[in-house]
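Understanding the architecture of this molecule
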Amino acid sequence: MWQSESLSPSALRSIIRLQSRDIKNTSGIAAGYQQANVVILHKDLADDFEAFCRANSSPLPLLYRSKCGEWSCGPLATGSDIREDCPGYCVFENGVLMKKVASLSSYTPQLQDMVTFYLGCSFGFESALKAAGVPVRNVEQGKNVSMYKTSVACIRAGQFHCPMVVSMRPVPEDKLDNAAQSTHGIPLAHGGPVHIGDPKLLGIQDLSQPDYGDPVKQCPGDVPVFWACGVTGVEAVQSCSKPALAFTHSPGCMFITDQKAETISPLTLEPAQCHLSFCISQNPQHYSIASKRAVQQIRAIEELVVEDPGSRGIRALFLQDELLKACLSLSHSSSVLITTGFPTHYMHNPPEETDGPPGAIAMAAMLQALRKEVVIVTDGRALEMNQHIMRDAVKKGVIKTAVPVISFQSNGPDSALHFLCHDGDPTKPRFDHLVAIERSGRATDGNYYNMRGVNIKHLVDPIDDLFTTASTIAGITTTGIGDGGNELGMGKVKAAVKAYMPNGNLIACDVAADFAITAGVSNWGGYAVACALYVLNLCPIHWRYLHSGLGLSLTPDQQSLWMACLPTVAKEEEMLHILVKYGVRSGKTANLGLEVDGLTFHPYHSDIIHRSPAPIWCVPAGRRGMVRNKPGR
């Protein structure tokens, strides 16, 4: 019995050419060498398929396109013969799989008019995973890798369109960063993961039933990690009924090249190239990825906005990376509900304060620019006023497009469920993320208190019910932003509020959000969310993961649009003017002026906006001065 680890690619191809039963698939052999998926098409379809590969380079990294009738592949493997060098082939007629064969030699006449595409394969990064300390479960279990069709559509090109196929490898949770980093450095073997976590988010219903390959068992503590897969080429052939005859490798039965798989030493990587993964949801389980540089920048933003010029002791409520994880989740969202409104001034009409609405609109502006659906919900008694404030904010250029402003009234035990989900069906949520910013939060006794311990329940609608109901619905994540602990969502830090904040035992919000962002002033937390979303979406590593590795790239127009939606001194000052126009007052002093929580806009709030770290590392060079001088929304 031969040992595959000691044999060269050429020797392995020779064994395969003999149709040896010892090689049923090529996973776990030819360690460190690039393997290739194979698609063979009539010459009339070759240009379309090459365009399809270029548009979907993550699942279909093109290693080589042969000449018409060429079955050797000199640039990849000396002395090769594509008719014999894969352990198995699929034969398609008019896009329908007709049979599987061990050799294509009998089709030599037809191959004279055909072009062969060699596409990178994830088997080429298995040795890199092992070197990074990541177990490769399918190899350990002596199985082919599991492969699945997804609900993610590839970008169409010519005659070709199909869902992306992914391969799955279970990875221990503490090895996720290693797995992402080690594979990212090998783009010709599909690069880094395109999804980590619940397979249903990719449209995969049952991991035990792969579409291709073998089911692979997970060990305790493993997380399913998915990479783009070259079997997407097989799906592409089946999507195109035009070719009378086409061939592919049989999934898992790859062509072994003489080329070493590319690797990059982690020691040589810059922060912009280093991957960090974070869990952003447990129901369903979902992880996201960003570069170390983006993470560092968001942490700097988080540290800035937790400054406490009012000396309120809010640092005691601070949890690191809540801003980062909330924004990673928001980046993956499609529909966001924002709520704000704290009627602390019960002796005035209106009783609202200037903290909250500016931060809410700052977040909404960036979310709109990122093409998310956004809705704002507020108290029914303040609905008309907030709709007028939104109208004026658009007129004055604070936000580009009006956000719908609605109210929520509880008419029974299922009111929140019907508000959040179509037809009250928890499998059909209208929103995938709820954000509360400086929103009155329900205390343990069912009342709502301002920081002085005054009960203002008569002024507050039960929007908390949306958050408590959301916690029972898979696929809805929640974030709370506050600066005192009596705000909706800050129940996550209730123990710290009771221990460190004045009147904490009475006022502490009892309703927790998945993420609780603490800021010196809640508006600053809204500004921080807008800035962090900007940083994330300009991070190439996060952008690739967000789009499942498909061929979408950032454009200068997108970057300009997002930059134009960052908070600016001019826009935030204008926003305060609008609030004053409608009689909205400063929270601490009840002053009717350009003031929030007793701090005048100049110098306190304007200074925070000026100091917001700007991601100049990924902004076009000719525009960097704009970011330094005016970090504008």
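Residues numbered from 1 in each chain as written. Predicted model: local features only at pLDDT ≥ 70, side-chain atom pairs only at ≥ 80, totals over all residues. Heavy atoms only, no water.

**Some points on the sheet that holds strand S18 (residues 477-482)**
Cut-off, in case you're wondering: Pairing between two strands is assigned when DSSP locates at least 2 bridges connecting them. Going along the chain from the N terminus, every DSSP run of H or I of four or more residues is numbered as a helix, and every run of E of two or more is numbered as a strand. Angles here are taken between N-to-C directions and fall from 0 to 180 degrees, while the axes themselves are lines fitted to C-alpha atoms, restricted in helices to the stretch in contact. Contact definition: two residues touch when any of their heavy atoms are within 4.5 Å.
A sheet is described by the order of its strands in space; here six strands give the open sequence S16-S15-S14-S17-S18-S19, paired in parallel fashion. Strands at the two margins of the open sheet, each flanked by one partner only, are strand S16 (405-407) and strand S19 (515-518). Between one strand axis and the next, the sheet turns through 25° on average, direction left out of account. Relative to S19, S18 is paired through four bridges, and the arrangement is parallel. Bridge pairing in S19 places Gly480 opposite Ala516. Along the sheet face, helix H11 (residues 383-395) touches strand S15 (373-378) and S16 and points at about 170° away from the line of S16.

**Focus: the confidence of the model for the protein**
What counts, and what does not: A score between 0 and 100, pLDDT records how confident the predictor is in each residue.
Residues with a pLDDT of 70 or more make up 94% of the protein, whose mean pLDDT is 92. Long-range and interchain partners of residues 616-633, a stretch whose pLDDT sits below 50, account for 53 contacts in this model, where long-range means more than four residues apart.

**Comments concerning the pattern of salt bridges**
Keep this limit in mind: The salt bridge criterion pairs a side-chain nitrogen of Lys or Arg with a carboxyl oxygen of Asp or Glu, the two atoms within 4 Å. Accessibility here uses a 1.4 Å probe with only protein chains present; expressed as a share of the type maximum, an area under 20% marks a residue as buried, one over 50% as exposed, and anything in between as partly exposed.
All told, the structure shown has 25 salt bridges when counted by the stated rule. Residue Glu140 pairs with Arg137 through a salt bridge whose shortest N-O separation is 3.2 Å. One end of the pair is Glu140 and the other is Arg137, both in helix H5 (residues 137-140) and three residues apart, which spans about a single turn. For Arg137, a relative accessible area of 10% corresponds to the buried category. Measuring nitrogen to oxygen at the nearest pair gives 3.9 Å for the salt bridge that ties Lys325 to Glu322. You can see Lys325 and its partner Glu322 sitting in helix H9 (residues 322-332), three residues apart, about one turn around the helix. The class of Lys325 is partly exposed, set by a relative accessible area of 22%.

**Quick word on the state of the cysteines**
Worth spelling out the cut-off: Disulfides are defined as pairs of cysteine sulfur atoms found within 2.5 Å of each other.
In this structure the tally under the stated criterion is zero disulfides. No disulfide involves Cys327; its sulfur sits 9.5 Å from that of Cys531, the nearest cysteine.

**Topic: the packing of aromatic side chains**
Definition in use: Centres within 6.5 Å make a pair out of two Phe, Tyr or Trp rings, where for Trp the six-membered ring is used; the pair is then stacked when the planes are under 30 degrees apart, edge-to-face when over 60, and tilted otherwise.
Applying the stated criterion to the full structure yields 11 aromatic pairs. With a centroid separation of 5.1 Å and an interplanar angle of 45°, the aromatic rings of Phe125 and Trp227 are classed as tilted. Of this pair, Phe125 sits in the loop between strand S5 (114-120) and helix H4 (126-131) while Trp227 sits in strand S9 (residues 222-228), and the two are 102 residues apart along the sequence. Assigned by exposure class, Phe125 and Trp227 land together as buried.

**A word on the sheet that holds strand S13 (residues 285-291)**
Judged by pairing direction, the sheet is antiparallel, and its six strands sit side by side in the order S6-S7-S9-S8-S13-S12 without closing on themselves. The open sheet is flanked by strand S6 (146-153) and strand S12 (275-282), the only strands paired with a single partner. Each strand axis lies, on average, 35° off the axis of its neighbour in the sheet, ignoring direction. The pairing of strand S7 (residues 163-172) with S9 spans seven bridges and is antiparallel. Within S9, the residue paired with Pro170 across the bridge is Pro224.

**Quick look at the domain arrangement of the protein**
Here is the rule we go by: Domain limits in this description derive from either an automatic procedure or a database domain assignment. As a working definition, buried area equals the accessible area (1.4 Å probe) given up by two parts on being put together, with both sides summed. Pairing of N or O atoms within 3.5 Å defines a polar contact, subject to two protein rules: one partner must be a possible hydrogen donor and the other a possible acceptor, and residues neighboring in sequence count only if both atoms are side-chain atoms.
Along its sequence, the protein is organised into domain 1 (9-260) and domain 2 (275-611). Centre-to-centre, using C-alpha coordinates, domain 1 lies 44 Å away from domain 2. Domain 1 puts 27 residues into the contact, and the matching count from domain 2 is 16 residues. Carbon and sulfur atoms supply 56% of the area that domain 1 and domain 2 bury against each other, a total of about 1700 Å² over both sides. The largest share of the area that domain 1 buries against domain 2 comes from Asp177, Val194 and Ile196, three residues that together contribute 26% of it. Remark: the boundary between domain 1 and domain 2 carries zero salt bridges. For the pair domain 1 and domain 2, the number of links is 11 residue pairs in polar contact (both at pLDDT 80 or more). When contributions to the side of domain 1 that touches domain 2 are tallied by element, the ones reaching two or more residues are S6, helix H6 (176-184), strand S8 (195-197) and S9. Among the elements that take part in the side of domain 1 that touches domain 2, H6 stands out by supplying five residues, more than any other.

**Re the pairing of S15**
Defined as follows: Clockwise travel from the first strand over the helix to the second, with the strands pointing away from the viewer, marks a crossover as right-handed.
In terms of residue burial, S15 counts as a mostly covered element, since five of its six residues are buried. Relative to S15, strand S14 (residues 335-341) is paired through five bridges, and the arrangement is parallel. Opposite Leu337, over in S15, you have Val375 as the bridge partner. The β-α-β motif built from S14, the intervening helix H10 (residues 357-369) and the parallel element S15 has right-handed crossover chirality. Two strands pair when backbone bridges link them, and S15 and S16 are joined in this way by three bridges, in the parallel orientation. Residue pairing across strands places Val377 opposite Ile406, the latter belonging to S16. Traced from S15 through H11 to S16, the parallel crossover comes out right-handed.

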